[in-house]
Amino acid sequence: MSEQLKNRPVKITDTTFRDAHQSLIATRMKTEDMLQIAEKMDKVGFYSMEVWGGATFDASLRFLKEDPWERLRRLRATIKNTKLQMLLRGQNLLGYRHYADDVVEYFVQKSIANGIDIIRIFDALNDPRNLETAIRSANKEKGHAQVAISYTLSEVHTLEYYVKLAKQFENMGADSICIKDMAGLLVPYAAFELVSALKSAIKIPVQIHSHYTSGVAGMSYLKAVEAGADIIDTAMSPFAMGTAQPATEVMVETFRGTPYDSGLGQEILAEIADYFRPLREKSMDEGLLNPKVLGVDIQTLLYQVPGGMLSNLVSQLKNQNAEDRFYDVLKEIPRVRADFGYPPLVTPSSQIVGTQAVLNVLMGERYKMVTKESKAIVRGEYGRTPVSISDEIRKKIIGDEEPITCRPADLLEPELKKIEAEMKQYKEQDEDILSYALFPQVGEDFFKYRQAQKTKIDPILADAENKVYPV
């Protein structure tokens, strides 16, 4: 055994405070529940803790009536030794449209100022142009820019494609690369091959992120680490497996006594798991944790459809009394995806492709009815698809419209000052401008709630006083 092999302990990023509860309980873990165990988790020795970004920002404002910025500051004050990490959707930030560069720059600045060390930046289409501003901003603010490759399978998503992308991201200023396997499609030997190729091609660290949806993620981590992966994403066992990540304790034990031993202790991990177990049970009792998301769904590998997308398809078909067309829709999804230039199936492309597939099947004619989102992806509003969309499909979807060929954000005027002017009556901190920028209505509702709480007024009663009801 070589000296190099003897000294390759795997590092671990714990996702319990972000992706794990987002994947299993609809992002409903409260800040107070995190703070009670955060100090102990800080003592484990994790490489980083993913605590922010993704859907947590929206859910905090919308459902929990918590300020996501305050959550970040409180976690940073409690977690003193471990790097804090977040997920950012490139030019989309944490919202659902492209934002002007001034908003992206300000958001990254404020995220790092409030305590984030590592920003994982990705784009649904793997379009490097949609990552430029976020990477540059993270570099400028002295944050760690981890750039993620959205992993998927198709005739164009070859080893050469991923290596070329990783090299490009490294040249753009990435401090590390993440293979983001959002649907659990990365099987063990493919993981070994991919990581081996990346480690030969780039000089920066490689991290692996996967979901247990198809049941292979733990084995894929094992092969990835053997191939040279530096860091893996895991979650504490009560919020692991299913559509979340492999369990932290299991992966720690997997590598114990090997050249990849993480050095993390099972005793402290067991204490932390004991804390989270009642929260998991409570989530089940409240209906937040559906047992269906804890199982293995091999159809993920057959149709390359993420678990959340599958349940969404079932819901759409049930509303149309067409559940019997489920397998017809599953067969149509790869065809629509090919028509749309083989986008990885991750938010928002998964919803766009899935909904269009449902319409194609139910209408009995392909593209007889087309959603505005389908038109947007064909028009180029989301960026450049991995493969050019054919003239035939483009004409069928958007007629004679000219597609966008530039970086979509180049068409956006600076918007930060305008946004600040719109919401100035609610502003209590600079970060409020960004909350409003990303989610105007949800942000405004939260600001009103916050003000009502400070003045001890019930927000529902306060709202009622301003309305006239018929007698």
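Attention in this report is confined to the structure presented alongside it. (Residues numbered from 1 in each chain as written. Predicted model: local features only at pLDDT ≥ 70, side-chain atom pairs only at ≥ 80, totals over all residues. Heavy atoms only, no water.)

Brief notes about the environment of Lys-427
Phase 1 of the analysis: For Lys-427, the position within the fold is in the loop between α19 (416-423) and α20 (431-438).
Phase 2 of the analysis: In this structure, the C-alpha to C-alpha distance between Lys-427 and Phe-447, residues 20 residues apart in sequence, is 8.3 Å.
Phase 3 of the analysis: When neighbours within four sequence positions are excluded, Lys-427 is seen to be in contact with Glu-420, Asp-432 and Ile-433.
Phase 4 of the analysis: Only 3.0 Å separates the side chain of Lys-427 from the side chain of Glu-420, close enough to count as a polar contact.
Phase 5 of the analysis: Here Asp-430 takes part through its side chain, which lies 3.3 Å from a polar atom of the side chain of Lys-427. (Helix = DSSP H or I, 4+ residues; strand = E, 2+ residues; numbered from the N terminus. Contact = heavy atoms within 4.5 Å. Polar contact = N/O pair within 3.5 Å; in protein donor to acceptor, adjacent residues only side chain to side chain.)

A closer look at the packing of α20 against helix α21 (residues 440-454)
Phase 1 of the analysis: Between α20 and α21, the least distance of the axes is 5 Å, while the angle of their chain directions is 135°. In terms of orientation, α20 and α21 fall into the oblique class. Touching Asp-432, Ser-435, Tyr-436, Ala-437 and Leu-438 of α20 are Pro-440, Glu-444, Phe-447 and Arg-450, all from α21.
Phase 2 of the analysis: Partitioning the contact of α20 with α21 into residue classes produces 5 nonpolar, 1 polar and 3 charged. (Axes fitted to C-alpha atoms, helices over the stretch in contact; angles between N-to-C directions. Parallel < 35°, antiparallel > 145°, perpendicular 65-115°, else oblique. Nonpolar A, V, L, I, M, F, W, Y, C, P; charged D, E, K, R; others polar.)

Remarks on unusual backbone geometry
Phase 1 of the analysis: Positive phi values are uncommon outside glycine, yet Met-241 reaches one of about 65°.
Phase 2 of the analysis: With respect to the helices and strands, the residue Met-241 is situated in the loop between β8 (231-234) and α11 (248-255).
Phase 3 of the analysis: The exposure class assigned to Met-241 is partly exposed, which follows from its relative accessible area of 33%.
Phase 4 of the analysis: A positive phi is found at Asn-321, a non-glycine position, where the angle reads about 55°.
Phase 5 of the analysis: Look at Asn-321 and you get exposed, because its relative accessible area is 72%. (Buried < 20%, exposed > 50% of the residue type's maximum accessible area, 1.4 Å probe, protein only.)

Description of empty space enclosed by the protein
Phase 1 of the analysis: One pass over the structure, following the stated rule, counts 1 cavity of 30 Å³ or more.
Phase 2 of the analysis: The volume enclosed by the largest cavity comes to roughly 110 Å³.
Phase 3 of the analysis: Looking at the largest cavity, it is lined by 13 residues, and the ones nearest its centre are Asn-92, Asp-123, Ala-124, Pro-348 and Tyr-382. (1 Å grid on protein atoms, 1.4 Å probe; cavity = no way out; pocket = protein on both sides within 12 Å on 5 of 7 lines; lining within 4 Å. Points joined across faces, edges and corners; volume = space filled by probe spheres on them.)

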